[in-house]
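# Observations on chain architecture
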Amino acid sequence: MQRRKHTQRIRASEWLERKFDISPDILSGIRIEIRGQNRLLLQGCRKILLYSEREMLLDLGSTRLRVCGERLWCSSFLSGALGISGSIRSVAFEEESA
């Protein structure tokens, strides 16, 4: 009989918290999916704060998400679900300035 090696499974949010030292409250209610370098899907967006072909700044509540690239455009935005298409170069979380 072959024994199965016991592996501990963790949620993706826990892995992100550990890997990138992100506090749990930032990840609650927010889901980001990046497909290659040309598509980003986001759930939990409250508002688009800045919109241009090179940069988008998104309000996620307690934090902001900055997406930079070329030929960026918002392909969809409905009930907090947002799609961004274009050539994505960077995605960064930012603290909301007081």
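All residue numbers here refer to positions counted from 1 along the written sequence of the relevant chain. Restriction of local features to residues with pLDDT of at least 70 applies here, the model being predicted, together with a cutoff of 80 or more for giving and counting side-chain atom pairs; totals for whole chains, interfaces and linings are based on all residues. Values reported for side chains reflect all heavy atoms of the structure, with hydrogen atoms and water molecules removed beforehand.

With that settled, consider the sheet that holds strand 5 (residues 63-78). At least two bridges found by DSSP between two strands are what make those strands a pair. Elements are defined by DSSP. Helices are runs of H or I of four residues or more, strands are runs of E of two residues or more, and each kind is numbered from the N terminus. Pairing is antiparallel across the open sheet formed by 6 strands, whose spatial order is 1-2-6-5-4-3. Either end of the sheet is taken by a strand with one partner, and the two such strands are strand 1 (31-35) and strand 3 (47-51). Direction aside, neighbouring strands of the sheet carry axes that sit 35 degrees apart on average. The pairing of strand 2 (residues 39-43) with strand 6 (residues 81-95) spans 5 bridges and is classified as antiparallel. Each residue of the ladder has a partner; that of Gln 43, found in strand 6, is Ala 81. Orientation is described by lines fitted to C-alpha atoms, with helices fitted over the stretch in contact, and by angles between N-to-C directions that extend from 0 to 180 degrees.

Turning our eyes to something else, we now look at unusual backbone geometry. Across the chain, the bulk of peptide bonds are trans and the bulk of non-glycine residues have phi less than zero. In the Ramachandran plot, Arg 71 falls in the positive-phi region, its phi being about 50 degrees despite a non-glycine side chain. Among the structural elements, Arg 71 can be located in strand 5. Unusually for a residue other than glycine, Ser 79 sits at a positive phi of about 50 degrees. Tracing the backbone through its elements, the reader meets Ser 79 in the loop between strand 5 and strand 6.

Topologically, Ser 85 is positioned in strand 6. Any N or O atom pair separated by 3.5 Å or less is treated as a polar contact, with the protein-specific requirement of one donor-capable and one acceptor-capable atom, and with residues adjacent in sequence counted only for side-chain atom pairs. Within the structure, the side chain of Ser 85 is placed 3.2 Å from the side chain of Arg 39, a separation counted as a polar contact. The criterion used for residue contact is that any of the two residues' heavy atoms lie within 4.5 Å. Look past the residues within four positions of Ser 85 in its chain and what remains in contact with it is Asn 38, Arg 39, Arg 71, Leu 72, Trp 73 and Ser 75.

You can see Phe 77 is positioned in strand 5. Not counting the four nearest positions on each side in its chain, Phe 77 is found in contact with Cys 45, Arg 46, Ile 48 and Leu 82.

So, about the pattern of salt bridges. The working definition used for a salt bridge is a side-chain nitrogen of Lys or Arg within 4 Å of a carboxyl oxygen of Asp or Glu. Counting across every chain of the model gives 4 salt bridges. The salt bridge partner of Glu 55 is Arg 66, with a shortest N-O separation of 2.1 Å. Here the residue Glu 55 occupies a position in strand 4 (residues 55-59), and Arg 66 occupies one in strand 5, the gap between them amounting to 11 residues. Each of the salt bridges in this network shares a partner with another, and the network as a whole consists of Glu 55, Arg 66 and Glu 94.

None of this, on its own, says anything about what the molecule does.
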